[in-house]
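Summary of the model geometry
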Amino acid sequence: MKPLLYFLALALTSSAFADRPNILLVLDDDLGYGDLGCYGAKDVLTPNVDKFAAEGLRFTSCYAGHPNCSPSRTALMTGRTPTRVGVRDWIPEDSPMHMRRSEITIAKLLHEAGYATCHVGKWHMNGEFNKPTQPQPNDHGFDHWFSTHNNAYPNHHNPNNFVRNGTEVGKLEGYAAHLVVDEAMRWLDARDKSKPFFAYVCIHEPHEPISSDPKYAALYPSADPSYSGHHGNISQMDAAFGRLMKKLDDEGLRENTLVLFTSDNGPAITPQHPHGSSGPLRDKKGSMWEGGIRIPGILRWPGKTKPGTVSDEPISGVDFLPTMCTVAGVQAPQDRVIDGASWLPVLEGRKVERKTPLYWHFNRAFSAPKVAMRVGDWKILATLDKPAAARGNDITEQTERDFKEAVLQEFMLFNLSQDIGEQHDLAVTEPAKLAELKELLQAKYAEVQNESPMWPAWKFTGAEGKKIEWPDYVKRKKTAPKKP
């Protein structure tokens, strides 16, 4: 929409420019469904997020757009199933895979509509970060960015890989979550206050490589220091989030700011820190089972959400763009498929009106099923007829060919309202429902498979792993002699 036409349209829908809410999206990294007190965790202290949940609406069927990092973030920004966009897995350094310049992000739409825009923290939507060969945060609509490609390196403590608006910052002192929030707060002070704002705050914790301030690790005394480190990392995130919420209050921004707190996928549960939780859900990050894709999601929007309320209506990362377009009075892109839908009806006790069901597609998923779809209470999953790609992140002609040629097989069916842990496959006992959903799934799969771009062959370099500084307890574990 042309700028003049946009403002004429806005005049018909809003009494004043300033009436549009500020939008703050806080995204954690690898925070599982069971990693917060307000989602049932008994052994993790998250007082600030729990307080935030008591002030707003907690979603119990909130989904990431994908079961791992880069694609999930791409879904949030574009409103499109990330496999369709071509971001099909986490993106290593120097990979040709990226969110292409032709994609239209919610940041770009809001920026063009007069919002001040900011990204702080983990970016992870390109391989050639801070290089002219691929689009960077500013190319996708962010006025200000203080970002890392993927993780904070060498870990969360004193990271040295942040870039501010294209300039490397160098070594910083402190822990990543607080450094990210510090920058967000500085930007809130310095921004053009005549404009509403969109801030996308991406906290690294509790993603590997973990490093926790001793004062947070000390909250979890244990003979296993990795337990103290992991849980302390979540409390580190929680404390930083609390500071950000206090900043909104101190600046009088609470009442006109929509805040969404969520995660990019399920818990990693790594060999170094096997302590994240999916709660009652099956499996973890990287899986098509619920534990890989169902995540915390909490919304506070004063005057629109009621304190302490809960909704089990399914929403997803692909819904963020169409929802925020509606919130801001901006037209969503009309020249491409938008896979998400606005979840604003949920605030009035109604269901989301979807043109297409929620859908996930990950050929390298750790789980046997690689494709999934949710329709109402039902979830259908399927395997592929091609062999699983070798572990790692090489892009080969064979993996690209397999992606384009793979056919769905071995369908599974679950009723999530009765079986949240996905233990009882109903494919045999519910043949009519299976046939109905199988047809929907195959059509969506073919559509996404056909649209996804092909990437050139590329050899994974392992560059990130060479930068990591692990905690002493991990080093000892890695070097300990193996038991006979």
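Brief notes about the packing of helix α11 (residues 397-405) against helix α12 (residues 431-451)
Helix packing geometry: the angle between the two helix axes and the distance between the axes. Viewed as axis vectors pointing N to C, α11 and α12 meet at an angle of 145 degrees, and their least axial separation amounts to 9 Å. Only Tyr445, Gln449, Asn450 and Glu451 of α12 make contact with α11, whose side of the interface consists of Phe403, Lys404 and Glu405. Grouping the constituent residues of the contact of α11 with α12 by class yields two nonpolar, two polar and three charged.

Points about helix α8 (residues 225-250)
With 26 residues, α8 should reach 38 Å at 1.5 Å per residue; the first-to-last C-alpha distance of 37 Å fits that figure. Taking burial as the measure, the 26 residues of α8 include 20 buried ones, the bulk of the element. Looking one or two residues beyond α8, the residue adopting positive phi is Gly252, at roughly 70 degrees.

Considerations on the pattern of salt bridges
Overall, the coordinates contain 39 salt bridges when judged by the stated rule. Notably, a salt bridge pairs Asp30 with Lys285, separated by 3.1 Å at the nearest N-O pair. Of this pair, Asp30 sits in the loop between β1 (22-28) and α2 (47-54) while Lys285 sits in the loop between β8 (257-263) and α9 (290-293), and the two are 255 residues apart along the sequence. Overall, the relative accessible area of 15% leaves Lys285 in the buried class.

Some thoughts on the confidence of the model for the protein
Within the protein, residue pLDDT values average 95, and 96% of them lie at 70 or more. At the low end of the mean pLDDT range in the protein sits helix α1 (residues 3-13), at 39; at the high end sits strand β7 (residues 197-202), at 99. The model gives residues 1-17 a pLDDT under 50, and that stretch makes 19 contacts with residues more than four places away or in other chains.

A closer look at the pairing of strand β9 (residues 294-300)
Most of β9 is tucked away: seven of the seven residues are buried. Two elements, β8 and β9, share four bridges in a ladder whose sense is antiparallel. Paired with Leu260 across the bridge in β9 is Leu299.

Description of the nonpolar core
Within soluble globular proteins, side chains that are nonpolar generally end up buried alongside one another. Ile23, Met77, Ile106, Phe198, Tyr200, Phe320 and Trp343 are the most contacted members of the largest nonpolar core, which has 52 residues in total. Among the elements of the structure, β1, β2 (57-63), α3 (69-78), α5 (106-112), β7, β8, β9 and α10 (320-328) are those that each provide at least two residues to this core. The greatest single-element share of this core, amounting to six residues, is contributed by α10. Judged by nonpolar contacts, the second largest core, of 43 residues, contains Leu36, Cys38, Val44 and Tyr220.

About the cut-offs
Residues numbered from 1 in each chain as written. Predicted model: local features only at pLDDT ≥ 70, side-chain atom pairs only at ≥ 80, totals over all residues. Heavy atoms only, no water. Axes fitted to C-alpha atoms, helices over the stretch in contact; angles between N-to-C directions. Helix = DSSP H or I, 4+ residues; strand = E, 2+ residues; numbered from the N terminus. Contact = heavy atoms within 4.5 Å. Nonpolar A, V, L, I, M, F, W, Y, C, P; charged D, E, K, R; others polar. Expected span 1.5 Å × (residues − 1). Buried < 20%, exposed > 50% of the residue type's maximum accessible area, 1.4 Å probe, protein only. Salt bridge = Lys/Arg side-chain N within 4 Å of Asp/Glu carboxyl O. pLDDT = per-residue confidence, 0-100. Pairing = 2+ DSSP bridges. Core = buried A, V, L, I, M, F, W, Y, C linked by side-chain atoms within 4.5 Å.

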